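Geometric and topological summary
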Amino acid sequence: MIEILTPAELTRARATGAVVGSILQTLKDRVGIGTNLLEIDRWTAAMIADAGAESCYVDYAPSFGRGPFGHHICTAVNDAVLHGMPHDYALADGDLLTLDLAITLDGIAADAAISFIVGPTRASADLAMIETTERALAAAIAMARPGARIGDLSATIGTVLREAGYPVNLEFGGHGIGSTMHQDPHVSNDGRAGRGYRLRPGLLLALEPWVMADTDELVTDADGWTLRSATGARTAHTEHTIAITDDGAEILTLP
């Protein structure tokens, strides 16, 4: 299903996106050395409730996971990159943490992810990897306007990632979003320009470049959810929900 939002629905989507961006920024500011992943989940649950919103994750049970997920945020550390299930782990100096959050507010969902280093120890390779995902996302957003095609966004993301030397996994990528978290169209992190669905005003997309430092192969944790690099290499993941407007793309999940 591909949804095209009305102007009234887009107004609601802006409100949802603002909450997602605010929660992620608050968590980034609060997290430090010694913060437990389960504590992050509790903080997130409280902020979602305070906003009058609902988590998209607690009851989420897709075919690729061992559901329901049962938590309010994905917390992926170091070699974990996607669907990181919060567990009893205290963050250490130099850990690379990705927080991925999706909520629904007033019937509209928004989804975003940020990667950052915990503590003062910051490996240059980690910073470069995070920056590459951010740059790939920005490049795709710049391409997102009425008349462009999904393949244009995918090709743009893939070019940035591959030129920086990162393998690109195509199993998981961006997606449409609206009244539910995951919708068509799928937005692969690599592809061919000029192909796929043509973008229209009112379309919401969650774009999410992610990479693993030296592999494109994923392995799944015993929890049935957390996806890690097969080599144990570090990872990074950046995501925004955008709306296609007459004037181009509007980022809804900025902090």
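Residues numbered from 1 in each chain as written. Predicted model: local features only at pLDDT ≥ 70, side-chain atom pairs only at ≥ 80, totals over all residues. Heavy atoms only, no water.

Counting 26 residues, the largest nonpolar core has Leu153, Leu199, Leu205, Leu207 and Ile242 as the members making the most contacts within it. Among the elements of the structure, α3 (124–143), α4 (150–163), β8 (204–207) and β13 (240–245) are those that each provide at least two residues to this core. Broken down by element, this core gets its largest block of residues, 6 residues, from α3. Excluding residues within four positions of it along the chain, Leu153 makes contact with Ala140, Met143, Ala144, Val187, Leu199, Leu205 and Leu207. In this structure, Val20, Ile73, Leu91 and Ile103 belong to the second largest nonpolar core, which totals 24 residues. (Core = buried A, V, L, I, M, F, W, Y, C linked by side-chain atoms within 4.5 Å. Buried < 20%, exposed > 50% of the residue type's maximum accessible area, 1.4 Å probe, protein only. Helix = DSSP H or I, 4+ residues; strand = E, 2+ residues; numbered from the N terminus. Contact = heavy atoms within 4.5 Å.)

The subject of this paragraph is the packing of aromatic side chains. Tallied over the full model, the rule gives 6 aromatic pairs. Residues Tyr57 and Phe69 carry aromatic rings whose centres are separated by 5.9 Å and whose planes lie at 70 degrees to one another, so their mutual orientation is edge-to-face. Here Tyr57 is found in the loop between β1 (54–55) and β2 (74–77), whereas its partner Phe69 is found in the loop between β1 and β2, with 12 residues between them in sequence. Summarising the aromatic geometry, the rings of Phe64 and Trp225 are spaced 6.1 Å apart at their centres and angled 80 degrees between planes, so their arrangement reads as edge-to-face. (Phe/Tyr/Trp six-rings, centres within 6.5 Å; stacked < 30°, edge-to-face > 60°.)

The next thing to look at is α3. In this model, α3 (20 residues) spans 29 Å end to end at C-alpha, consistent with the 28 Å of a helix rising 1.5 Å per residue. Residues of α3 that are buried include every one of Asp126, Met129, Ile130, Thr132, Thr133, Ala136, Leu137, Ala140 and Ile141, and no others. (Expected span 1.5 Å × (residues − 1).)

Right, let's talk about the sheet that holds strand β7 (residues 183–187) for a bit. Ordered in space as β7-β6-β8-β13-β14, the 5 strands form an open sheet in which the pairing is antiparallel. One side of each edge strand has no neighbouring strand; the edge strands of this open sheet are β7 and β14 (248–251). Looking at each pair of strands side by side, their axes are set apart by 30 degrees on average, direction ignored. Sheet strands in contact with α3 are β8, β13 and β14, and its direction is about 160 degrees off that of β8. (Pairing = 2+ DSSP bridges. Axes fitted to C-alpha atoms, helices over the stretch in contact; angles between N-to-C directions.)

Right, let's get into the side chain of Gln183. Along the chain, Gln183 falls in strand β7. What Gln183 contacts, discounting residues up to four positions off in sequence, is Met1, Glu3, His175, Gly176, Ile177 and Gly178.

That's the geometry; what it means functionally is another story.
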